[in-house]
Amino acid sequence: MKINKAVIPAAGLGTRFLPATKSSPKEMLPIIDKPAIQYVTEEAVQAGIFSILIITGRGKEAIENYFDVSFELEKILEERGKEEELKIVKEIARMADVFYVRQKEALGLGHAVLCAENWIGKEPFAVFLGDDIIFAETPCIKQMMDIFEEKNKSILGVMDVEREDTSKFGIIEGKKIDESLYEVTEIVEKPEPDESPSTTAVVGRYIFTPRIIDELKNTGKGLGGEIQLTDAIKSLLKKEKVYAYRFKGKRYDIGDKFGFIKATVEIALKREDLRKKFYEYLKELLRKY
Ligand code: UTP
């Protein structure tokens, strides 16, 4: 079965990045000159997913404006002969069919995914967290779609984390199938390091069978009083197999201040137009510290 739809929950409050997120969505924080959510959308498009539902909330209008056509801007750029900029601006609005649903209250990631119910219908779908950027030779979600094609079951994107960091993630326990694939046997939301079943953490990429929606409907409030996606996955495990795939690539949590800085610095060092001068600048700067 092919994955044609992606859901990007982007309605969270972004409290780790206050005060910037008081009036602007964290998903719009620019990594150099591109908002985080565009990196995520590009990953979907590169994997052949062109139907995207963004879960938004109050104060997130900037996301809708970003993916809309900007007639005035396009006209001015055209008049001024700024062809390169015009091409970039036009592409954003045309790269995918973007739809929106509002999560009226930030009741948790699970609740945000449940808001996609009517749009999803009975199809399997991908979920991308709007603040998780993953760089990989083959887009992370494409790697997972290849596994899905074979297994036809939900797949969680996972990576290894330090034990001291388990309380920031959903952590899985699983039966190893090969170097990068597990059959999930247990999943726990943000366990303390000494109680965590492993150090294999779920990060912002998922493929779900539509059954997750039924499980979400039956999931009550969990950790932090939020409807947790992890809890719905836990009940899904009892009904059908769920796999965890250790993707090849590097992930940045830009909703975290340090993660945001890491992404900015590393991308600057990779970009043709910035690499040389930024590298020289950093070298010079580091001598002083
Ligand atoms: P996070 O836990 O990283 O987001 O959720 P948050 O709650 O916005 O951030 P902090 O912890 O307060 O800083 C992961 C993703 O799920 C979305 C967020 O927008 C983010 O992309 N989310 C979270 C929702 O869409 N709705 C929610 O109710 C909660």
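Please read all numbers here as calculations on a predicted model, not as lab measurements.

Trainee: Residue-level account of the pattern of salt bridges, with values.
Mentor: For the structure shown, the criterion picks out 29 salt bridges. Glu43 serves as the salt-bridge partner of Arg205, at 2.9 Å between the closest nitrogen and oxygen. Taken together, the residues span a long stretch of sequence, with Arg205 in strand 11 (residues 200-208) and Glu43 in helix 1 (residues 36-46) at a distance of 162 residues. The same class applies to Arg205 and to Glu43, which are both buried. Arg275 is the salt-bridge partner of Glu272, the closest N and O atoms lying 2.9 Å from each other. Taking the relative accessible area as the measure of exposure, Glu272 reaches 65% and is therefore exposed. Given a relative accessible area of 37%, Arg275 falls into the partly exposed group. Put simply, Arg16, Lys26, Asp131 and Asp253 are held in one network by salt bridges that share partners.

Trainee: Describe the side chain of Thr166, naming the residues involved and giving the relevant values.
Mentor: Inspection of the secondary structure puts Thr166 in the loop between strand 8 (154-160) and strand 9 (170-178). Sequence-distant contacts of Thr166, defined by excluding residues within four places in its chain, comprise Ile171, Lys190, Pro191, Glu192, Pro193, Ser196, Ser198 and Thr199.

Trainee: Can you tell me about unusual backbone geometry, naming the residues and giving the values?
Mentor: Here the residue pair Leu18 and Pro19 is connected by a cis peptide bond, since its omega of 5 degrees sits within 30 degrees of zero. Inspection of the secondary structure assignment puts Pro19 in the loop between strand 1 (5-9) and strand 2 (30-31). Although it is not a glycine, Asn152 sits at a positive phi angle of roughly 55 degrees. Structurally, the position occupied by Asn152 is in the loop between helix 7 (140-151) and strand 8. With a phi close to 45 degrees, Lys190 is a non-glycine residue in the positive phi region.

Trainee: Explain the packing of helix 10 (residues 257-270) against helix 11 (residues 275-287) residue by residue, including any values.
Mentor: At their nearest, the axes of helix 10 and helix 11 sit 7 Å apart, and the two run at 125 degrees to each other. Considering their axes alone, helix 10 and helix 11 lie oblique with respect to each other. Packed against helix 10, whose contacting residues are Val265, Ala268, Leu269 and Lys270, the element helix 11 presents Arg275, Phe278, Tyr279 and Leu282 at the interface. Residues of the contact of helix 10 with helix 11, tallied by class, amount to 6 nonpolar, no polar and 2 charged.

Trainee: Run through a negative patch on the surface, naming residues and quoting values.
Mentor: A cluster of like negative charges, contributed by Glu78, Glu83, Glu84 and Glu85, occupies part of the molecular surface. The element that contributes the greatest number of residues to the negative patch is helix 4 (residues 83-94), accounting for 3 residues. Take Glu84: it is sitting in helix 4.

Thresholds applied
Residues numbered from 1 in each chain as written. Predicted model: local features only at pLDDT ≥ 70, side-chain atom pairs only at ≥ 80, totals over all residues. Heavy atoms only, no water. Salt bridge = Lys/Arg side-chain N within 4 Å of Asp/Glu carboxyl O. Helix = DSSP H or I, 4+ residues; strand = E, 2+ residues; numbered from the N terminus. Buried < 20%, exposed > 50% of the residue type's maximum accessible area, 1.4 Å probe, protein only. Contact = heavy atoms within 4.5 Å. Axes fitted to C-alpha atoms, helices over the stretch in contact; angles between N-to-C directions. Parallel < 35°, antiparallel > 145°, perpendicular 65-115°, else oblique. Nonpolar A, V, L, I, M, F, W, Y, C, P; charged D, E, K, R; others polar. Patch = residues over 30% accessible without salt bridge, like charges linked within 9 Å, V, L, I, M, F, W, Y side chains within 5 Å. Areas by Shrake-Rupley, 256 points an atom, 1.4 Å probe, with all protein chains shown as cover. Lys, Arg positive; Asp, Glu negative; His and termini not counted. Charge placed at Lys NZ, Arg CZ, Asp CG, Glu CD.

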